[in-house]
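Residue strings, one per chain:
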Amino acid sequence: MRSPNVVAAVLLLGALAGCQDPEVPSRAQPYEFRLSPADPVFRWPSDDLPVRFWVEPSGALPEYVTTGMVSWARQFLYGEFWGELVSDSLAADILVSYLDEAPPDAPLTDDPPQQVCTGTTTIPLPQRDVEGRLRFPEPITISVRWFSADPTDIANCLQRVVAHEIGHALGIFAHSPNAGDLMAIPVVAREPSRSDRSTAQLLYHSVSDILPYRP
Amino acid sequence: MSAGRRTLILAASLAALTAAAPCRAQVLAEFRIGADWSSVLVSDLIVDEFTAQPAIAPSLGLALGTPLGPKYEVALDVRWARSDLKMKQADSSRTIIPLTVWTGFITLRWRLHGHALVQAGIGALKYDPSEEGRESTMFRDDQPLRPAVALGARAEYPLSGSLRVGLDLGWSMHGFSTQALSEEGFETRIAHRVSLAAVLRWSNAKP
């Protein structure tokens, strides 16, 4: 009766292997994502995904937004946040535009970052809706501007700053105290660091106090 | 169709032809329909503990094979199952992403007596997540074929001279990880799948 014994041994091994529950890995230390610990928390609800970005169709801005959006989406494992570009600004959750005109086209390079652009994310003041819940009364807006400089430096700066501002639009309203993080000021990182990642993950597993704007 | 899926189907077709070629006169073909259960793929803790586990998935399968004698037969099984990968917490559950699972096994079956068979197989399994939203999941990078082993049992009853119907209970095991999980520090986890299926079987072999 060797065969039944072999089968039983394989089954037992399989069952034992399945009992090993791998340890949860330790993650980088997150930083505070609110401007003040007393502030309400905002994150995009999982049943509202994808978050809809309308981007001024000018220069390389749509490309920078797509890169930033994807780089933030890739910080998650469980589908917590992802976005898409939409062509109708009235149906968008987030509006992205230049404050002035588009800069001259230039390729992205690995040159050291130069502070030749800035960005602003405007988070509307939440208001109580008819059911008493805090809700943004209008979309979040991101605007970027650039200064006279080498076009490549401007492109590199805008790519970084757009990704940084998208981090604010995700709900990371505060800046990171760690200089190498994307959410630090000045912005030198191209994409989220491990610390940015654990902060975003912490935020997206916290209870949101504010609902997004609904067109 | 992805390159991985094409490879799997091509390998399955070649193996089926190879298996059937030496005894062209005796072949068997099966169609199966059933449901697959999967164990937890990931356990994590971010604020609260939660797991990622596929929901019970409807499954379909095809098999081609040949007898190896009066008691044994070998077959190539290709199966498809699709359900949602769910994130489950103590008091809630939500869909992470729709997830298809392709499996291919070379299966050796042993007929115990007229109606009962036991089976063992080796093969591979491939996770094929939906494209939409994939970037924000553990499946954001390419999914390799994962080696898998399977055991099972079946009860079969004749419908006519060449047709049989059966109830098939199977278990399989594979190591689960993804590039994204590894980068996060997760180790490979043993994942189990249990399938229950009705099988319609045609064979031109003499009983």
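Presented here is a report on the structure given in the accompanying data block.

Scoring rules and cut-offs
- Residues numbered from 1 in each chain as written.
- Chains lettered and ligands numbered in written order.
- Predicted model: local features only at pLDDT ≥ 70, side-chain atom pairs only at ≥ 80, totals over all residues.
- Helix = DSSP H or I, 4+ residues; strand = E, 2+ residues; numbered from the N terminus.
- Rg over C-alpha atoms; globule rule 2.2 N^0.38 Å.
- Buried ≥ 20, exposed ≤ 12 C-beta atoms within 10 Å, placed from the backbone.
- Contact = placed C-beta atoms within 7 Å.
- Pairing = 2+ DSSP bridges.
- Axes fitted to C-alpha atoms, helices over the stretch in contact; angles between N-to-C directions.
- Nonpolar A, V, L, I, M, F, W, Y, C, P; charged D, E, K, R; others polar.
- Expected span 1.5 Å × (residues − 1).
- Arc of directions from axis to C-beta.
- Core = buried A, V, L, I, M, F, W, Y, C linked by C-beta atoms within 7 Å.

Observations regarding the overall build of chain A
Each helix and strand in chain A was counted, giving four helices and eight strands. Taken from the N to the C terminus, the helices and strands of chain A come in the order α-β-α-β-β-β-β-β-β-α-α-β. Its C-alpha atoms give chain A a radius of gyration of 22 Å, clearly above 17 Å, the size a compact globule of 215 residues would have. Taken along its principal axes, the extent of the C-alpha atoms in chain A is 85 × 50 × 35 Å. Burial status across chain A gives 34% buried among its 215 residues. The contacts in chain A between residues at least 6 apart in sequence include a share of 76% that link residues at least 24 apart.

Here's the deal with the sheet that holds strand β1 (residues 51-55) of chain A
All names here are of chain A. Judged by pairing direction, the sheet is mixed, and its five strands sit side by side in the order β2-β1-β3-β7-β4 without closing on themselves. Each having just a single partner strand, β2 (83-86) and β4 (117-122) make up the two edges of the open sheet. If you compare each strand with its neighbour and ignore which way they point, the axes differ by 20° on average. Two elements, β4 and strand β7 (residues 140-146), share six bridges in a ladder whose sense is antiparallel. Across the sheet, the residue bridging to Thr122 is Thr141, located in β7. In the packing of helix α3 (residues 151-170) onto the sheet, contacts are made with β3 (94-98), β4 and β7, and the angle to β4 comes to roughly 20°.

Some remarks on the interface of chain B and chain A
Listed by partner, the interface residues are 29 residues for chain B and 28 residues for chain A. Of all the secondary structure elements, the ones that give two or more residues to the side of chain B that touches chain A are β2 (42-46), β3 (48-54), β6 (93-111), α2 (179-184) and β10 (189-203) of chain B. In terms of residue count, the dominant contributor to the side of chain B that touches chain A is β2 of chain B (four residues). Partitioning the side of chain B that touches chain A into residue classes produces 14 nonpolar, seven polar and eight charged.

Brief notes about helix α2 (residues 61-73) of chain A
Residue and element names in this part refer to chain A. For α2, spanning 13 residues, the distance from its first C-alpha to its last is 18 Å, which sits close to the expected 18 Å at 1.5 Å a residue. Three or more residues of α2 are buried, namely Leu61, Tyr64, Val65, Gly68, Met69, Trp72 and Ala73. Around the axis of α2, the buried residues are gathered within 165° of arc, so they sit on the same side. In this fold, the buried residues of α2 make contact with β1, β2, β3, α3 and α4 (194-204).

Examining the environment of Ala81 of chain B
Among the secondary structure elements, Ala81 of chain B is positioned in strand β5 (residues 72-88). Once you skip the residues sitting within four places of it in the chain, Ala81 of chain B turns out to touch Asp36, Ala57, Pro58, Ser59 and Val101 of chain B.

Looking at the nonpolar core
Counting residues in hydrophobic clusters, the biggest one holds 70 residues, and the most contacted among them are Phe53, Val65, Phe81, Ile94, Val96, Leu158 and Val162 of chain A. Tallying contributions element by element places α3 of chain A first for this core, with ten residues. Residues contacting Ile94 of chain A, with those up to four places away along its chain left out, are Val51, Phe53, Pro139, Ile140, Ile142 and Ala169 of chain A. The next biggest cluster of nonpolar side chains, apart from the first, holds five residues, and it includes Ala63, Ala75, Leu76 and Val78 of chain B.

Overview of the pairing of strand β9 (residues 163-176) of chain B
All names here are of chain B. As defined by bridge partners, strand β8 (residues 146-158) adjoins β9 across eleven bridges and the pair is classed as antiparallel. Following the sheet pairing, Val149 is matched in β9 by Met173. Between β8 and β9, which pair antiparallel one after the other, the connecting turn spans four residues.

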